[in-house]
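Secondary and tertiary structure notes
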Amino acid sequence: MNHYHYLYRPKPKAMTQPIEGFSKLTKEQKIDWLTTHYTTDPEAAKALLKRYWNVVEDVQQLHDEFIENTITNYYLPLGIAPNFLINNKLYAIPMAIEESSVVAAASKAAKFWLDKGGFKTQVLGTEKIGQVHFMYHGNKERLTAFFEQVRPKLLSDASAITKNMEKRGGGINKIELRDKTEALDHYYQLHCTFETLDAMGANFINSCLEQFAKTLKAEAQSFPLFSEEEKAIEIVMSILSNYVPDCLVRAEVSCPVDELKGGSSESSRQFAEKMVQAVNIAKVEPHRAVTHNKGIMNGIDAVVLATGNDFRAVEAGIHAYASKDGPYTSLTHAAIENGTFKFWIELPLALGTIGGLTSLHPLVKLAMEILGKPSAQELMQIVAVAGLAQNFAAVRSLVTTGIQEGHMKMHLLNILNQLGATEDEKKTLTHHFKKHSATHNAVVEAFEKLRNTK
Ligand code: MEV
C-alpha cells in the first residue's frame, strides 16, 4: 500500500458552492469564477486561457458562439498529407489530429501508392436514416391500415420542410411502419430514409421526423377504426440514426505483388502475404480488430474534423458497421489474386460539405477549398482513402519494422521540444537514439548530458 498520498495529499480547498445562472455571466466573469474556484493560480490560469484567444475579435466571437460557456479555444494541429492520387486527381488532404505519427504515415502511404495507380473509390449509396419511435396498444392490422391512410399526409405536412431539398433533388425517400413488438412490448416505429445531397442532413431529417410524429399523433385521434386506447399513440422520440449502412463508400488500392517492395520479388511476396495475414487476423479476432480499426479512424477522424464534420457520428456509425454481421471485425480487406495485391475498405460515412461548421469555421472553409470544394460524395471518397491509407501505413509498419520505430521518432521530438532543445541538439539526439531506446528518462538524461558537456 502506498502511504505517500496520505502523507502528502494537499489540504482540500474550501468546498465550492454550486453556481446559479453561470451561462448568463460574461466570458470574463465566467473565467474569474472558474479560475478563483478551481485553480491554484487564478492569474496564471487566466493568462493562459487568454493566450489562446484569437487576436481578431470577430474570429474569437465566432468561436465563442459555437457552443455555450466558451472560455477559450482548444488547439489541435492542422497538418497536410499531400500526394494523394484519388481516381486520377491529386489531393493534399488536411488533417486535424494530435497524434504525432498520423500525418507522416498518411503522407508516406500516399507517396507509396502514387506511382502504382493511386486510390480508386466509389460511392455505393447515400441513404440516410431517421426513426419515429412510438408505443401503440392495440390491433396491428388496424395500425397498418391507419399508416397506409396517413402516409400521404405525413409527406404533405412535411412539404414546407422538404421543399428546398426536393428542388435540389433530395428529400424523403421512404417511410415504413415497423413492428418491433417482438423486441419490446407495444413498440413500433416509422423507419424513414432520406437523400440529403451535400448536407449532412441532421437538421433536415430531425425536422421531418418531428413533423411526422405530430401528424401521426394528431391523425390517430380521428381514425375511425381505432378504439380510444388505440388512438392514444404515444410518441417516445424522433431522431435520425447514425447507423447508415447504405450511406456507403469503398476505396481500394492494388498493384502487382512484384511491385510492392521495389526490391526482390521474394520479399514482395512475403510482404503481401503478411499484409493479408494481418488483415485476416483483424477479421477473426475482435481485440485486434478494434486496434486495427482505431488506426483507420486516425485517418478518418482527422479529415472529418478538419472538414468540420461530426466525428462522433462518424465513429458511432462506423463501429456499428464493423459488427453488422455479429462479431466486431476489420473494416479493411486484403487479398492476393492472380499475382495482384488488393487492399480495400468499405464503410458508411454520413458527411456534409454545406451547412453547419462548413460554412462558418474559417479553417474548415479553407480545408474545403484545399480539397477543391468537394461534394459530400467526393468528401466520402477522400475520407475513406485517408482511412485506408492510414491502415496500410500502420499494418505495413507492424508487419515489417514494428510500430515503435516511427512512433518513437515523433515521441522523441515531442520530449525534446518539451525540454526546449535547439535544432542542433535535436539533430544530435535523434542520431543518438537511432541506436538507443528513447524512454522518457533516457532522453532527459542524454539531453542534460549534452547540455552539460557544452
Ligand atoms: C495507433 O494510433 C494505431 C495503431 O495501433 C493501429 C494498428 O495497430 O493497426 C498503430
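Residues numbered from 1 in each chain as written. Predicted model: local features only at pLDDT ≥ 70, side-chain atom pairs only at ≥ 80, totals over all residues. Heavy atoms only, no water.

Examining the nonpolar core
Inclusion rule: Nonpolar cores are built from buried Ala, Val, Leu, Ile, Met, Phe, Trp, Tyr and Cys residues. Side-chain atoms within 4.5 Å join them into one set. A simple rule labels every residue: compare its accessible area, found with a 1.4 Å probe on the protein chains alone, to the largest value its type can have, and call it buried under 20%, exposed over 50%, or partly exposed in between. Helix and strand assignments come from DSSP, with helices taken as H or I runs of at least 4 residues and strands as E runs of at least 2, each series counted from the N terminus. Residues are treated as being in contact if the distance between any of their heavy atoms lies within 4.5 Å.
Counting residues in each nonpolar core, the largest one holds 68 residues, and the members touching the most others are F84, I300, F341 and L349. Among the elements that take part in this core, helix α14 (residues 376-399) stands out by supplying 13 residues, more than any other. Setting aside residues up to four positions removed in sequence, F84 forms contacts with K89, L90, Y91, I93, A106, A110, F119, V385 and A389. Counting residues in each nonpolar core, the second largest holds 29 residues, with I172, F223, F226 and I233 among its members.

Description of the packing of helix α16 (residues 423-432) against helix α17 (residues 440-452)
Keep this limit in mind: Here an axis means a line fitted to C-alpha atoms, over the contact stretch when the element is a helix, while the angle between two N-to-C directions is reported on a 0 to 180 degree scale. When describing relative orientation, an angle under 35 degrees is termed roughly parallel and one over 145 degrees roughly antiparallel, while 65 to 115 degrees is termed roughly perpendicular and anything else oblique. With the far helix as reference, a near helix turned anticlockwise by less than a right angle produces a left-handed crossing, and one turned clockwise produces a right-handed crossing. Nonpolar residues are Ala, Val, Leu, Ile, Met, Phe, Trp, Tyr, Cys and Pro. Charged residues are Asp, Glu, Lys and Arg, and all others, Gly as well, are polar.
It is at 11 Å that the axes of α16 and α17 come closest, and there the two elements cross at 130 degrees. Relative to α17, the element α16 is oriented oblique. Crossing geometry of α16 relative to α17 is assigned as right-handed. In this structure, α16 contributes E425, T428, L429 and H432 to the contact, and α17 contributes A446, F447, L450 and R451. When its residues are assigned to classes, the contact of α16 with α17 shows 4 nonpolar, 2 polar and 2 charged.

Let's talk about the site of the ligand
Counted only if it meets this: Residues are counted as near a molecule or strand when any one of their heavy atoms sits within 4 Å of it. Polar contacts here mean pairs of N or O atoms no more than 3.5 Å apart (in protein, one a potential hydrogen donor and the other a potential acceptor; neighbouring residues in sequence count only if both atoms are side-chain atoms). Working definition of accessibility: Shrake-Rupley area with a 1.4 Å probe, residue cover restricted to the visible protein chains.
Surveying the vicinity of the ligand reveals the residues E99, R288, T291, H292, K294, G295, N298, A394, L398 and I403. The side chain of E99 places a nitrogen or oxygen atom 2.6 Å from an oxygen atom of the ligand. Take N298: an N or O atom from its side chain is 2.9 Å from an oxygen atom of the ligand. For the ligand, whose accessible area on its own is 300 Å², the fraction buried by protein is 87%. Of all the secondary-structure elements, those providing two or more residues to the shell around the ligand are α11 (286-306) and α14. Counting residues per element, the shell around the ligand draws most heavily on α11, at 6 residues. The residue inventory of the shell around the ligand, partitioned by class, reads 3 nonpolar, 4 polar and 3 charged.

Examining the pattern of salt bridges
To keep it simple, the criterion reads: Put simply, a salt bridge is a Lys or Arg side-chain nitrogen that is within 4 Å of an Asp or Glu carboxyl oxygen.
Tallied over the full model, the rule gives 22 salt bridges. Measuring nitrogen to oxygen at the nearest pair gives 3.3 Å for the salt bridge that ties E43 to K46. With E43 and K46 both in helix α3 (residues 42-51) and 3 residues apart, the pair spans about one turn of that helix. Between E378 and K89 there is a salt bridge, and its shortest N-O distance comes to 3.1 Å. Of the two residues, E378 sits in helix α14 while K89 sits in strand β2 (residues 89-96), which places them 289 residues apart along the sequence. The exposure class of E378 is buried, given its relative accessible area of 19%. Residues joined by salt bridges that share partners form a network here, namely D32, E43 and K46.

Everything listed is a geometric property; what it means functionally is a separate question.
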